[in-house]
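# Structural features, examined
As a plain string of letters, each chain reads:
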Amino acid sequence: MRVCILGGGTAGWMTASALSKKLKNIIQSITLVESEAISTVGVGEATLPHIRLFNEGLGIDESSFMKKTEATFKLGIEFCDWGRVGDKYIHPFGDFGQTIDGVAFYQHLLKLTKHGDYGVLDDYAFGISAAKNNKFQLPKEGQTTLQQAFGYAYQFDAGLYAKFLRDFSETNGVRRVEGKVVDTLFNEKSGDVSSITLDDGQQISADLFIDCSGFRGVLIEQTLKSGYQDWSKWLPCNRAVAVPCERQKHLSPYTRATARQAGWQWRIPLQHRTGNGHVYWNEFISDDEATSVLLNNLDGPALGEPKQLFFKTGRRNHFWKNNVVAIGLSAGFLEPLESTSIHLIQEGITNLLELFPHENISALDTSEYNSRMSLQYERVRDFLLLHYVATKRDDSEMWRYFTNMTLPDSLQEKIAGWLHRGYIQRYEFGAFLPPSWVAVMLGQNLVPKNYDPRVDNSHFEQVKQQSQAMRADIAGAVNKAKTHADFLNVIGAASNTELLRAK
Amino acid sequence: MSQQDTSQFLVFGNTLAASMTVLALSKALPKSIKLMWVKPATACPSDLLYGGISSPDAYQFNLQLGLSEPQLILDTDTTFTFGTRFDRWGDNDQTWMQCFHLPFAATSGVELHHFMTRHKASLGDFLISAQAGLKGTFAHPPTDNLQSPLSRAEYAYHFEPSQWSAVFYDKIDKARVNVINGDITTLKHSQDQIEYVQLEDGTKLKADLFIDCSGTSSQLLVALNNDFIKQRTVQLKSETQPCAQTGPACRSITGTESGWQSVTPLREKNHLVSLYESSLGYEQTDCQIFTLGHRKKAWQGNCVGIGHTAYVIEPITPAPYILLMKDIERLLELIPVSHEVHVERQEYNRRFLNDVIHAELFHHAAYAGQREVGYGKCEKLDRKITQYLHRGILASYDFEPFNEQDWAILHAGLGRTPERYDRMAEQVDFEQTQANLDRMRAGIAHLASSMPAQHIYLEKLSMYLRDSEKHGQQ
């Protein structure tokens, strides 16, 4: 089977590297078409811990990859001004505290906080405490279960990551072709794309096309008319402006997302610079104002001209249609509030590998792929929306819009269960597990009226002591941990690049 | 009733579900919730529907309730089981061992069952629990030797529900639970709320939450709403036969003209259950008649049905036991925090329905394409079977009672062979894999044969446990 990947951004090269490694002797040829004249979006600079599995699956050495992509470790996302102006919390990768008498620790904390100062949820997560102190160590280095109960991801330069994977892919036999698609030929009878024609007249035929062409969806939409499910009524932000700036002195092992009047702003610290962007709803703020908000809230001087992005949240009706699979922004777009862009690329690739066609593409493969990806997108959508609706903010038109919103039933039920008794409606297949929901809901002051009654069955004095011991355990370990920057040095992941400075 | 208020729960029934539920509640509920158990003198016959087999989770579940494996081994006729051997099952007379197993080993990211398709091998040959079950041998999976194939096996128990009920009952702190021996004769309710129940002696009992564990009669729940969805009617006959020595560490189910017959080895006796399909016109004496199916809602108003009160599933797998554990876990997670139980009820019923439907899928899959037992078209099952047949994909839904291994073993056992396998398997050298598989098959066969027969293992284990008990080591 011949494969053609259209687009060479993060999605394109991640797909190329995975297919070339995992299906090396099976795929007859992999051709990746990209044009240097088309810039890539590269919004996905922050990732989820799942990315480590992806890299490990390719046999990528962590330190070398981090060095080449200016990567930093990521222990979570700090959310500022979301629940109320002035609030902040970190959504970590991992759980909070340790289960007591079979009941999740946060339920005990709900009771404890009614009886005095037992700290906040953040104090019971090693990842959060380390992040706040700009410290880092690997989970396996923890001396206790609690010190090991966290995950980590990376923050990297998406452009460099794509370049890194390009080298990897080309070594594994992927052929890169420079060019822009000017025409697409498809089989009238089957509806399959048979070839694409490039601006230099080259025609590339393939049995399977993977559309990584970004928002345009050159094959999945422009050619095959997949159709788009518009989720703007739930996630109405539709533009972003991005600019890198000089890095601050301390290297934070976390991403920051700060709520604004008509959207939110990201800050992603890399080794050589800090990435920034302002996602907004143009209904309530002009492009110029949005740019001003961004530029006025940088850690340091901007390193270039702000770059504008336009999008509509939602997903294609079909992620896989005929012989075209859409991966990345061509498949759908959900704002990068929880760093899910690269994760959804990874999900697409993982499912494609498992369902990779044999001699012919079967409707059973496409339906299974579409069913799995639909579920992933919907579950991420609900989690993102939670951030906008779990808030007391009503200080702008955008926040008032969310106050009056009718939520998807799936999210409404989750919030109802939480508010009533701190109950988390779990699922097995989706990016965000219960601790993530707890982090955001409690972090944004969605405090349940009641706690799990089983908590009252535990010996209260012992619970108090255990809680104090947990906090002390974490605080002591964080104190001993290396700074994030030192850790990068020690493992040989520190880049040789000098810090970028504004001209 | 609120976080601090005193409230009262009433459990009704003389079933395994009742004793397990009462014990679990007594351990988990705060003291502000008082617990009453109205226990009729006669045990409900529907406990027969457990088929005398638990799932591997029983070990941990029992332990949480304060019941250890040694106690079950010493005080009851409990034996170990690696699963169920199906004989002459379905139209094609399939025979296989539906064993319990931890996730299969993967090679280069590809799961074992794909290599079975590629190398035209039989999955059961590579599962120690299947081989040991078939050979009648048993040993506990080691926890300190993860290289041993036996460490991947899982085991459960063959048990007699009345004995387990008694053991659970003994564990209940009678100072915590007000056990009332008696039966409910009448029930007063308005709309979907039970006001009180009245006992034979005229005593009226009120409660904030009624927990109906009365078995298939659903005495309390049925008064509020009869939303039982019937699937088919069967007749079950039960008998016990003494035997010279304890049987193998697996139950057997044999397909018959009229349904099936199971043999469950207990200590020096076998429990035989025969199922007759009513639709086939077999009229049997000494049988209990059950209508299989489930309720749409297990929690109505202020009454929750646990176990067979809420669903009736034939015991060809441990599904009835698995669902009972899930019922109890779900109830514990959703113990009401106030008089307003809308949130708890809705979530309980959502999870309940998913669990029951997903358990039924497994059973339907065992019959699918084999013979007509009245199951209609089901999109979820179609997806599972077509995806498996197409390329060995084990399509899953959230928190199914049966895991991917169970499904892979069932499909393979029923002779379902995928047309294709995971393409990534092609990356692995064929000859080398074949040699590895041959070695693995031989190693597992040898290991299964070298393990002791279950009766010998149990004798030695019991002796060891008694000695330990004497010397206070337990």
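In this text, all values refer to a predicted model and were calculated from it rather than measured experimentally.

Each helix and strand counted, chain A has 16 helices and 23 strands in total. For chain A, whose C-alpha radius of gyration is 23 Å, the value lies close to the compact-globule estimate of 23 Å for 503 residues. Its C-alpha atoms give chain A principal-axis dimensions of about 75 × 50 × 45 Å. In chain A, buried positions account for 50% of the 503 residues. Across chain A, every contact between residues at least 6 apart in sequence was considered, and the portion connecting residues at least 24 apart equals 77%.

Secondary structure summary: chain B contains 13 helices and 21 strands in total. Relative to its length of 474 residues, chain B is compact, with a C-alpha radius of gyration of 23 Å against a globular reference of 23 Å. Seen along its three principal axes, the alpha-carbon backbone of chain B occupies a region of about 75 × 60 × 50 Å. A burial count over chain B gives 49% of its 474 residues as buried.

Right, let's get into the sheet that holds strand β19 (residues 314–316) of chain A. Residues and elements named next belong to chain A. Here three strands make up an open sheet; going across it, the order is β13-β19-β22 and the pairing antiparallel. Every other strand in the sheet has two partners, leaving β13 (228–230) and β22 (332–333) as the edge strands with one partner each. Across three bridges, the pairing between β13 and β19 is antiparallel. Bridge pairing in β19 links Y228 to R316.

As a further point, take the confidence of the model for chain B. Reading fine detail from the predicted coordinates is not recommended where pLDDT is low. Considering every residue of chain B, the mean pLDDT works out to 94; 97% of them sit at 70 or more. This prediction of the complex comes with two scores: 0.95 for pTM and 0.93 for ipTM.

In this section: the interface of chain B and chain A. Counting from both sides, the interface comprises 26 residues of chain B and, opposite them, 28 residues of chain A. When residues of the side of chain B that touches chain A are traced back to their parent elements, those giving at least two are α9 (342–367) and α10 (379–391) of chain B. Across the side of chain B that touches chain A, the residue classes tally to 11 nonpolar, nine polar and six charged.

Leave glycine aside and you will find that most residues have negative phi; peptide bonds, for their part, are mostly trans. For D101 of chain A, which is not glycine, the phi dihedral falls at a positive 50°. Along the chain, D101 of chain A turns up in the loop between β5 (88–92) and α4 (105–112). Phi at S218 of chain B is positive, roughly 45°, even though this residue is not glycine. Note that S218 of chain B resides in the loop between β13 (209–212) and α7 (221–224).

With that out of the way, let us pick up the pairing of strand β9 (residues 181–186) of chain A. All names here are of chain A. Across five bridges, β9 lies against strand β10 (residues 193–198) in antiparallel orientation. Along β10, the bridge assignment pairs L185 with S195. Turn length for the β9-β10 hairpin, with the two strands adjacent in sequence and antiparallel, is six residues, and the turn residue G191 shows positive phi of about 85°.

The biggest cluster of nonpolar side chains holds 139 residues, and the ones touching the most others in it are I5, L6, Y106, F126, F209, I210 and I327 of chain A. Counting residues per element, this core draws most heavily on helix α11 (residues 363–389) of chain A, at eight residues. In this structure, this core is formed jointly by two domains, domain 1 (2–45 + 157–230 + 314–376) and domain 2 (97–125 + 139–149 + 380–479) of chain A, each of which donates at least three residues. If sequence neighbours within four positions are ignored, I210 of chain A has contacts with V3, I5, L6, T15, V325 and I327 of chain A. Residues V38, V167, V273 and F352 of chain B belong to the second largest nonpolar core, which totals 124 residues.

Residue and element names in this part refer to chain B. Taken in spatial order, the eight strands of this open sheet run β5-β4-β15-β16-β17-β14-β18-β21, and their pairing is mixed. Both edges of this open sheet fall to β5 (94–99) and β21 (311–312), since each of them pairs with a single strand only. With four bridges connecting them, strand β4 (residues 83–89) and strand β15 (residues 251–255) associate as parallel partners. Each bridged residue has a counterpart across the sheet, and for T84 the counterpart in β15 is R251.

Let's shift gears to the environment of T21 of chain B. All names here are of chain B. Mapping T21 onto the fold places it in helix α1 (residues 16–28). Owing to 28 C-beta atoms within 10 Å, T21 belongs among the buried residues under this scheme. In this view, T21 contacts V11, I211, C213, I306 and I328; residues no more than four positions away in its chain are not counted.

Residue and element names in this part refer to chain A. Packing of helix α2 (residues 50–58) against helix α10 (residues 341–354) leaves a shortest axis separation of 10 Å and a crossing angle of 45°. On the basis of the axis angle, α2 is oblique to α10. Considering the relative orientation of α2 and α10, their crossing is left-handed. Between α2 and α10, the residues in contact are H50, I51 and F54 and I342, H343 and Q346, respectively.

Moving on, we come to the domain arrangement of chain A. Residues and elements named next belong to chain A. Considered domain by domain, chain A is made up of domain 1 (2–45 + 157–230 + 314–376) and domain 2 (97–125 + 139–149 + 380–479). In this assembly, nine residues from domain 1 lie in contact with eight residues from domain 2. For the side of domain 1 that touches domain 2, the secondary-structure elements that each account for two or more residues are α10 and α11.

All names here are of chain B. The buried fraction of β4 amounts to five of the seven residues, a majority that puts the element mostly inside the structure. Pairing of β4 with β5 involves five bridges; the strand directions are antiparallel. Along β5, the bridge assignment pairs F86 with W96. Linking β4 to β5, which pair antiparallel, is a turn of four residues; within it G90 sits at a positive phi near 75°.

For the rest of this paragraph, the subject is the packing of helix α5 (residues 128–135) of chain B against helix α12 (residues 430–450) of chain B. Residues and elements named next belong to chain B. Running from N to C, α5 and α12 point in directions that differ by 45°, and their axes come no closer than 9 Å. In terms of orientation, α5 and α12 fall into the oblique class. Seen along the crossing, α5 lies across α12 with a hand that is right-handed. Contacts between α5 and α12 involve I128, Q131, A132 and K135 from the first element and I444, A445, L447, A448 and S449 from the second. Per-class residue counts for the contact of α5 with α12 are six nonpolar, two polar and one charged.

What follows concerns the environment of I77 of chain A. Mapped onto the fold, I77 of chain A is located in strand β4 (residues 76–80). Accessibility expressed as a C-beta count within 10 Å gives 24 for I77 of chain A, which makes it buried.

This part is about the environment of L295 of chain A. Checked against the element boundaries, L295 of chain A lands in helix α9 (residues 287–295). Taking C-alpha positions, L295 of chain A is 9.5 Å from A242 of chain A, a pair spaced 53 residues apart along the chain.

Analysis parameters
- Throughout this description, residue numbers start from 1 for each chain and increase along the sequence as written.
- Going through the entries in the order they are written, you letter the chains from A and number the ligands from 1.
- Per-residue local features are limited, in this predicted model, to residues with pLDDT of at least 70; the limit for side-chain atom pairs, both in listing and counting, is 80 or more; totals at the level of whole chains, interfaces and linings are taken over all residues.
- Comment: elements are numbered from the N terminus, with helices defined as DSSP H or I runs of at least four residues and strands as E runs of at least two.
- The globule rule used here is 2.2 Å times the number of residues to the 0.38 power, and the radius of gyration it is set against is calculated over C-alpha atoms.
- Counting other C-beta atoms within 10 Å of a residue's C-beta gives its exposure: the residue is buried at 20 or more, exposed at 12 or fewer, and partly exposed in between, where C-beta atoms are placed from the backbone.
- Contacts here follow a simple rule: the backbone-placed C-beta atoms of the two residues must lie within 7 Å.
- Strand pairing follows a simple DSSP-based rule, namely that at least 2 bridges must link the two strands.
- Along the chain, pLDDT gives the predictor's confidence residue by residue, from 0 to 100.
- Amino acids are sorted into nonpolar (Ala, Val, Leu, Ile, Met, Phe, Trp, Tyr, Cys and Pro), charged (Asp, Glu, Lys and Arg) and polar (every other residue, Gly among them).
- Think of a nonpolar core as buried Ala, Val, Leu, Ile, Met, Phe, Trp, Tyr and Cys residues, each tied to the set through C-beta atoms within 7 Å.
- Domain extents, as shown, originate in an automatic or database domain assignment.
- Between N-to-C directions, angles cover 0 to 180 degrees, with each direction set by a line fitted to C-alpha atoms, over the stretch in contact for helices.
- Just so you know how the angles are binned, under 35 degrees is roughly parallel, over 145 roughly antiparallel, 65 to 115 roughly perpendicular, and the rest oblique.
- Note on convention: the crossing is left-handed when the near helix lies turned anticlockwise from the far helix by less than a right angle, right-handed when the turn is clockwise.

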